Each structure stands twice: as C-alpha cells, then as structure tokens.
Amino acid sequence: MLMIRTVIRPERENEVMKALEKSGIYAMTKIPVLGRGRQRGIQVGRVSYDILAKLMIILFVEDADYEKAIQAIECGADTGHPGDGRIFVQSVSESYSVRTGVKE
Amino acid sequence: MLMIRTVIRPERENEVMKALEKSGIYAMTKIPVLGRGRQRGIQVGRVSYDILAKLMIILFVEDADYEKAIQAIECGADTGHPGDGRIFVQSVSESYSVRTGVKE
Amino acid sequence: MLMIRTVIRPERENEVMKALEKSGIYAMTKIPVLGRGRQRGIQVGRVSYDILAKLMIILFVEDADYEKAIQAIECGADTGHPGDGRIFVQSVSESYSVRTGVKE
C-alpha cells in the first residue's frame, strides 16, 4: 500500500477529484494548506505573493493503482504554469479499517 | 519509531483521546480534514454527502507502543457503521526534540 | 529525497521560515494544527491547557540538505522551554512535478 500526497492549486480541486473518480479512486482526505514551491511564490506586477493557498490531497492506494493515481492527479492539476504543485509517494507498512479491524 | 495516522469521525474525538490517554499515549497532533472512504460518503434519504468532515490524528510512538495505540484508536473510534475511518502506519527514520536536539 | 515534518510553536513561524531561507530551503507547506507533546500541554497557575495551537511545517528536501534543514528548524524554533516541538524524518520513494512530470 502506498500513500500519495499531492499539493495542488485549490482551483484545480474539482478537476483532480473528477480525474481520480474516473480512475476508480474515491477514498481521499483533503486539507487546505499554505505553501510555496521552489519558485518561491509568485510575482504579480510589483506585488509578490510569498505564500499561497494550496490544497493537499492524501490518497492511500494499492500498489496496483499507483500509476493511475499519479496520472489522474497530473491530468487534473496541470495548467502548464509554475506552481502546479508536486506529488510525493511514500510507503505505508500497514492499514486497518477501524470498524472491521481488517488489516491490509 | 512509528507514525500512526488515523482519520476518524469528529464526534469520536473524545473517546479516542481518552482511550489513548488510558494507554499512556499523550503526545499527538490533530487536524480537521475533509474526506471520504471507499464507501464514497453517505446517503441520507435522497441527499448524498460526498465529502464529510473528519478528524485526522497523528501519533509518533515507540515500536513497543504500536499495538496499544492501534487498539485504543479502534476502541474509541468504532461505532459499527461504515465511515468509522482507517488507521495507517508508516515508519519514521528519525525524530528530534527541538529544545534538546536529542535524537530518538 | 526526505520528508521532514516539524510541529512548532506558532509564534516561532517567522524565525523558522527565515532560518530555512538562509539555508536555501524555500519550498514548504504549512498547516495550523492542534496538539501536545509528552509534557501533556502546559499549566499556568491553576489553569491547565491540554491541547495547544501548533504549526506543522512539511519540507521535502534532497538528502544532501538534511542537516541544514534540521539545524535551521532547531535554530528558529528553540526557546529553551518544553513545548518547543519535534522534528520527524521519513523517506520519500518518489516525487513528481505536476507540470513537467519530471520524477526526482
């Protein structure tokens, strides 16, 4: 099982959600966050925005769904501009259902 | 050291906190989040709730406290209904105290 | 690539941000959280504060930037009092840019 964490533009939330659903991935957790990438925020005329509102989405997926999930996120979140976000993958050693106690 | 992350019903917060305290586990971080499990939210009559308010609790525990922590969360969060949440376990390579710099 | 997660006093946010920037680390994600460490909150006179507002900062850094990042966080967040927070390090298996698809 893998944990896929992505930080995206908040305005791409619907596109990413729809792309994930099309791939059969429904379970997810969303957290509004603040952040910036390596480009250090954005410059609009004379005003620079150092820290921007972003959306963090966390997915726990089977190893077999890995590529589908990455493609869905990239497809939904990509605008072609810096600040589109990143995707991070980490391994999960165990996962339990609270109700059934079943371990995966 | 392990990182235990659980996403539970917000209304079970107190029960989970008490169960963890009874097991001697005090250190924790809480984040209100939005999310859904594989059941894709809930249906109440004709209205479906796609995304629900959940509470994410993050614990960093010694390997020896692993089973105690899982049991406390399951015990506190379980209502017997779908949507009770999940528990995810990941390994942590290092942990430092900011004040003392001591590494665990 | 490593994921460094720290939970600090919110009032040390600026110091930690500046220390990270001085070390050349700009990319970061911030989340206001609630939590407590092993000291179980603080006692002020007769009033005890069980759960405190904290700030979680998440960094994804190259292995080579590991020590710089830890030192910057410790330097910025340390007040010498219990409750200064902790730093947790986890490995990341993969990281993608949404826009370019480049994997690191």
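The rules behind each value
Residues numbered from 1 in each chain as written. Chains lettered and ligands numbered in written order. Predicted model: local features only at pLDDT ≥ 70, side-chain atom pairs only at ≥ 80, totals over all residues. Heavy atoms only, no water. Helix = DSSP H or I, 4+ residues; strand = E, 2+ residues; numbered from the N terminus. Expected span 1.5 Å × (residues − 1). Contact = heavy atoms within 4.5 Å. Salt bridge = Lys/Arg side-chain N within 4 Å of Asp/Glu carboxyl O. Buried < 20%, exposed > 50% of the residue type's maximum accessible area, 1.4 Å probe, protein only. Buried area = accessible area lost by both parts, 1.4 Å probe. Least-squares fit on C-alpha atoms with pLDDT ≥ 70 in both. Core = buried A, V, L, I, M, F, W, Y, C linked by side-chain atoms within 4.5 Å. pLDDT = per-residue confidence, 0-100.

### What to know about helix α2 (residues 66–77) of chain B
Phase 1: The terminal C-alpha atoms of α2(B), which comprises 12 residues, lie 17 Å apart, in line with the 16 Å expected from a rise of 1.5 Å per residue.
Phase 2: If you follow the buried residues of α2(B), they end up packed against β7 (94–97) of chain A together with β1 (2–8), α1 (13–22), β5 (52–61) and β6 (86–91) of chain B.

### Some words on the pattern of salt bridges
Phase 1: Tallied over the full model, the rule gives 25 salt bridges over all chains.
Phase 2: Among the salt bridges present, the one from Lys30(A) reaches Glu13(A), with a minimum N-O distance of 2.4 Å. Here Glu13(A) lies in helix α1 (residues 13–22) and Lys30(A) lies in strand β2 (residues 28–36), a separation of 17 residues in the sequence.
Phase 3: Here Lys30(A) falls in the buried class, since its relative accessible area comes to 7%.
Phase 4: Glu94(B) is the partner of Lys103(B) in a salt bridge, and the nearest nitrogen-oxygen pair spans 3.6 Å.
Phase 5: Overall, the relative accessible area of 49% leaves Lys103(B) in the partly exposed class.
Phase 6: A network of salt bridges, in which partner residues are shared, links Glu62(B), Glu104(B), Arg38(C) and Arg86(C).

### Details of the interface of chain C and chain B
A common measure of how large an interface is: the accessible area buried when the components associate.
Phase 1: With 30 residues of chain C in contact, the opposing surface of chain B contributes 26 residues.
Phase 2: Across the interface of chain C and chain B, roughly 2,400 Å² is buried in total on both sides, 53% from carbon and sulfur atoms.
Phase 3: Broken down residue by residue, the surface that chain C buries against chain B is led by Arg36(C), Phe88(C) and Gln90(C), which jointly contribute 23%.
Phase 4: Where chain C packs against chain B, one counts 4 salt bridges.

### Quick notes on the relation of the copies chain C and chain B
Phase 1: For the pair chain C and chain B, the best superposition has an RMSD of 0.0 Å and corresponds to a rotation of 120° with a translation of 0.0 Å parallel to the axis. What the rotation and shift describe, once combined, is the action of a three-fold rotation axis.
Phase 2: Little of the interface of chain C is mirrored in chain B: 13% of its interface residues are interface residues there too.

### Thoughts on the nonpolar core
Phase 1: Core analysis: the biggest nonpolar cluster contains 30 residues, and Ile31(A), Met56(A), Ile31(B), Met56(B), Ile31(C) and Met56(C) have the highest contact counts within it.
Phase 2: Met56(C) has contacts with Thr29(B), Ile31(B), Ile58(B), Arg5(C), Thr6(C), Val7(C), Thr29(C), Lys30(C), Ile31(C) and Val33(C), leaving out every residue within four places of it along the chain.

### Thoughts on the confidence of the model for chain A
Phase 1: Averaged over chain A, the pLDDT score is 94; the fraction of residues at 70 or greater is 100%.
Phase 2: Listed scores for the predicted complex are pTM 0.94 and ipTM 0.91.

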